[in-house]
Amino acid sequence: MNKTILIVDDAVFMRMKLKKIIEASGYQIIEAKDGLQAFELFKEHKPDLVIMDISMPEMDGLTSLRYMMEHDNSIPVIMCSAIGQESKILEAGRLGAKDFIVKPFKDKEIEEVLNCFLEENGR
């Protein structure tokens, strides 16, 4: 399979939870703790999919998303957010995010995203 997914979240627990789900599906993982590190890894590795938190220190997910879309808008980016961030979710859609997942999420939701954006779209 050898598809790579970039997980971006400042919370180690959330990265570990996502990593566990995604690795079980056979994908390789790259991790970033903030939007700045995410953008650097995005340019370096050109992942097949990005799953990124919106609220983070250093550089938030919306700013990082903007840079990613300017650099290469062919890579799908899925944003994660807590309930109550509807305006940020709408902004993420305007910037080019392909979908969003509301925290806390269920394993099945992540599996559906992987299927939708990697399997069905031939990435």
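In what follows, the accompanying structure is described. Everything quoted here is computed from the prediction, not taken from an experiment. Within each chain, residues carry numbers counting from 1 in the order of the written sequence. In keeping with the model being predicted, local features are shown solely for residues with a pLDDT of at least 70 and side-chain atom pairs are shown and tallied solely at 80 or more, while totals for entire chains, interfaces and linings include all residues. The basis for every side-chain value is the complete set of heavy atoms in the structure, and neither hydrogens nor water enter the calculation.

1. Looking at the overall build of the protein chain
- Helix and strand labels come from DSSP, where a helix needs a run of H or I of at least four residues and a strand needs a run of E of at least two; each type is numbered from the N terminus. Broken down by element type, the protein chain carries five helices and five strands.
- Overall, the protein chain shows an N-to-C arrangement of helices and strands of β-α-β-α-β-α-β-α-β-α.
- Taken over the C-alpha trace, the protein chain has a radius of gyration of 13 Å; the compact-globule value for 123 residues is 14 Å, and the two agree within 12%.
- In terms of overall dimensions, the protein chain has a C-alpha envelope of 35 × 30 × 25 Å along the principal axes.
- Across the 123 residues of the protein chain, 49% fall into the buried class. Our radius of gyration is a C-alpha quantity, and the globule rule it is checked against amounts to 2.2 Å times the number of residues to the power 0.38. In this scheme, a residue with accessible area under 20% of its type's maximum is buried, one over 50% is exposed, and one in between is partly exposed, where area comes from a 1.4 Å probe on protein chains only.

2. Structural notes on the sheet that holds strand E4 (residues 77-82)
- Here a strand pair is declared whenever DSSP counts at least two bridges between the two strands. Ordered in space as E2-E1-E3-E4-E5, the five strands form an open sheet in which the pairing is parallel. Looking at strand neighbours, the two that pair on one side only are strand E2 (28-32) and strand E5 (99-103), the edges of this open sheet. The average undirected angle you get between the axes of adjacent strands in this sheet is 20°.
- As paired strands, strand E1 (residues 4-8) and E2 are joined by five bridges and run parallel to one another. Its bridge partner being in E2, threonine 4 is matched across the sheet by glutamine 28. Angles run from 0 to 180 degrees between N-to-C directions of axes, and those axes are lines fitted to C-alpha atoms, restricted for helices to the stretch in contact.

3. Things to note about the nonpolar core
- Counting 23 residues, the largest nonpolar core has Leu6, Val50, Met52, Leu65 and Met68 as its most contacted members.
- Going through the elements one at a time, E1, E2, helix H2 (35-45), strand E3 (49-53), helix H3 (61-71), E4 and helix H4 (86-95) are the ones with two or more residues in this core.
- To qualify as a nonpolar core, a set must consist of buried Ala, Val, Leu, Ile, Met, Phe, Trp, Tyr and Cys residues joined through side-chain atoms within 4.5 Å. By size, the runner-up hydrophobic cluster in this structure holds 19 residues, among which are Leu18, Ile22, Ile78 and Leu118.

4. As for the side chain of serine 81
- Relative to the helices and strands, serine 81 is located in strand E4.
- Contacts are residue-level and defined by heavy atoms, with any inter-residue pair within 4.5 Å sufficient. Beyond its immediate chain neighbours, meaning those up to four positions away, serine 81 contacts Ile54, Ile89, Ile101, Val102 and Lys103.

Purely geometric numbers; function is a separate question.
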